[in-house]
Amino acid sequence: MTPEPRRHSLRQADEDARRSREVARTPQTEHPAYRLAFQDLDFLLRDELRPVRLQLELLKPEMLLHEAGIVSTFVFYGSARIPAPEEADAFVACAPPERHAAAARLAAKSRFYAEARRLAFLASSCPCRADGGRELVVCSGGGPSIMEAANRGAADAGAPSIGLNVVLPHEQRPNAWVTPSLSFQFHYFAIRKMHFLMRARAVAVFPGGYGTLDELFELLTLIQTGKMDPVPILLFGRDYWEGIINFSGLAEEGVIDPQDLSLFTFVETAEEAWDIVCRHLAEA
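If you're wondering where the values come from, they're calculated on a predicted model, not measured in any experiment.

Break down the overall build of the protein for me, with residues and values.
Scanning the protein from terminus to terminus reveals 13 helices and 7 strands. In terms of principal-axis extent, the alpha carbons of the protein reach across some 70 × 50 × 45 Å. The distance from the centre of the 30 positive side-chain charges to the centre of the 38 negative ones in the protein is 6 Å.

This is the structure we're talking about:
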């Protein structure tokens, strides 16, 4: 349920913003110094206003997710490069010769697209709470590939899903399956990562590159250090993960404790992952 708006006796900011545009045009009113501070984009983009912008990026999605009744999320991390199964053959065929081998390996991972879509469907099929709140709402980075699969799986179930996009040097517009009213764009990676985890009750991590590794290791660190309550962390594709990271070697070298290896679980299928999540929530 959307909370009732708070009422104030003081004039609302939007009313003054409208009135400020109706003043007579004079050298004084036309100068940028006369603009209301919250309407002055040049002022808001100054380096000194960075703390304000950080606060705004934290507050805007928080307020809108609360108003949408989002109680908890199921977060999906993974590559932006793995093709959907129906596109895998064309993906390889279109690759330049020097990238053909890598494209073939990415295409072989298209099964993870299908598993992400299926897992998102299972999570999104959960009914709303009696008070209308939504649990385990699918939340992705809002981009293509594994992120698209997650939002698409939620759409398959007729449920809303969240997309947390970030401004990048190359274009990354939201995928078509993100719920428009839950599609957010960030400038600050740090605030975006906070929103990934503030409501997370489970996290599925599919094969990915630097960005996925960054998100995974921050999550593991937060739980390892007690900064975040434990949640199921599901690593899809044991062969992939053990091929790029020697987790056991970290424990053998003494830089992590052996019990830190229990912070995550390797899985291969959506059903296997969903069973782990359900058991964890039942125990909690």
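So, next bit.
Quick one: what's the story with the packing of helix α7 (residues 110–124) against helix α13 (residues 270–283), residue by residue and with numbers?
Packing of α7 against α13 brings their axes to within 9 Å, and their N-to-C directions diverge by 35°. As α7 runs across α13, the sense of the crossing is right-handed. Each of Glu115, Arg118, Leu119, Leu122 and Ala123 in α7 lies in contact with α13, whose residues at this interface are Ala270, Glu271, Ala273 and Trp274.

Outline the pairing of strand β4 (residues 183–186), listing residues and values.
Here β4 shows a clear split, with Phe184 and Phe186 buried on one side and none of Ser183 and Gln185 buried on the other. Alignment of strand β3 (residues 162–166) against β4, held across 4 bridges, turns out to be parallel. Residue pairing for β4: glycine 163 is matched across the bridge by serine 183.

Residue-level account of the pattern of salt bridges, with values.
Applying the stated rule across the entire model yields 20 salt bridges. Among the charged side chains, a network of salt bridges with common partners joins Arg129, Asp131, Glu135 and Arg201.

Tell me about the environment of methionine 63, and name the residues and values.
Mapped onto the fold, methionine 63 is located in helix α4 (residues 50–67). Look at methionine 63 and you get partly exposed, because its relative accessible area is 44%. Measuring from C-alpha to C-alpha, the distance between methionine 63 and glutamate 215 comes to 23 Å, with 152 residues separating the pair along the chain.

Just give me the short version of unusual backbone geometry, but keep the residues and values in it.
Phi angles above zero are rare outside glycine, and leucine 136 is one such case at about 55°. Counting through the fold element by element, leucine 136 comes out in the loop between α7 and β2 (137–140). Positive phi, close to 60°, is recorded for serine 145, a residue that is not glycine. Structurally, serine 145 can be placed in the loop between β2 and α8 (146–156).

Explain the side chain of arginine 152 to me, using residue names and the numbers behind them.
Relative to the assigned elements, arginine 152 resides in helix α8. Residue contacts for arginine 152: discarding those within four places in its chain leaves Glu86, Tyr113, Arg117 and Trp177.

Account for the environment of valine 23, with residues named and values stated.
Structurally, the position occupied by valine 23 is in the loop between α1 (13–20) and α2 (27–30). Linking valine 23 and isoleucine 191, residues 168 residues apart in sequence, is a C-alpha distance of 38 Å.

An account of the packing of aromatic side chains is requested, with residue identities and associated values reported.
For any pair of aromatic rings, geometry is given as the distance between the ring centres together with the angle between the planes. Considering all chains together, one arrives at 8 aromatic pairs under this definition. Ring plane angle 35° and centroid distance 5.1 Å describe the contact between phenylalanine 74 and phenylalanine 76, whose orientation is recorded as tilted. Of the two residues, phenylalanine 74 and phenylalanine 76, neither departs from the other in class, the shared state being buried. Considering the side-chain rings of phenylalanine 76 and phenylalanine 206, the 6.2 Å spacing of their centres and the 10° angle between planes classify their relative orientation as stacked. With a gap of 130 residues between them, phenylalanine 76 in strand β1 (residues 73–77) and phenylalanine 206 in the loop between β5 (200–205) and α10 (210–224) connect regions that are remote in the sequence. According to the relative accessible area criterion, phenylalanine 76 is buried, its value standing at 1%. The class for phenylalanine 206 is buried, based on a relative accessible area of 0%. A network of ring pairs unites the aromatic residues Phe74, Phe76, Phe206 and Phe236 as a single cluster.

Any chance you could break down the layout of surface pockets for me, citing the residues and the numbers?
In this model, the largest pocket occupies a volume close to 960 Å³. If you go around the largest pocket, you meet 36 residues; those closest to its centre are Ser79, Ala80, Arg81, Gly209 and Tyr210. Broken down by secondary-structure element, the contributors of at least two residues to the lining of the largest pocket are β1, α6 (100–108), α9 (189–198) and α10. It is α10 that contributes the most residues to the lining of the largest pocket, 5 residues altogether. In terms of residue class, the lining of the largest pocket is built from 17 nonpolar, 11 polar and 8 charged.

Cut-off values and rules
- Residues numbered from 1 in each chain as written.
- Predicted model: local features only at pLDDT ≥ 70, side-chain atom pairs only at ≥ 80, totals over all residues.
- Heavy atoms only, no water.
- Helix = DSSP H or I, 4+ residues; strand = E, 2+ residues; numbered from the N terminus.
- Lys, Arg positive; Asp, Glu negative; His and termini not counted.
- Charge placed at Lys NZ, Arg CZ, Asp CG, Glu CD.
- Axes fitted to C-alpha atoms, helices over the stretch in contact; angles between N-to-C directions.
- Left-handed = near helix turned anticlockwise from the far one by under 90°.
- Contact = heavy atoms within 4.5 Å.
- Buried < 20%, exposed > 50% of the residue type's maximum accessible area, 1.4 Å probe, protein only.
- Pairing = 2+ DSSP bridges.
- Salt bridge = Lys/Arg side-chain N within 4 Å of Asp/Glu carboxyl O.
- Phe/Tyr/Trp six-rings, centres within 6.5 Å; stacked < 30°, edge-to-face > 60°.
- 1 Å grid on protein atoms, 1.4 Å probe; cavity = no way out; pocket = protein on both sides within 12 Å on 5 of 7 lines; lining within 4 Å.
- Points joined across faces, edges and corners; volume = space filled by probe spheres on them.
- Nonpolar A, V, L, I, M, F, W, Y, C, P; charged D, E, K, R; others polar.

Shape descriptors only; they carry no functional weight alone.
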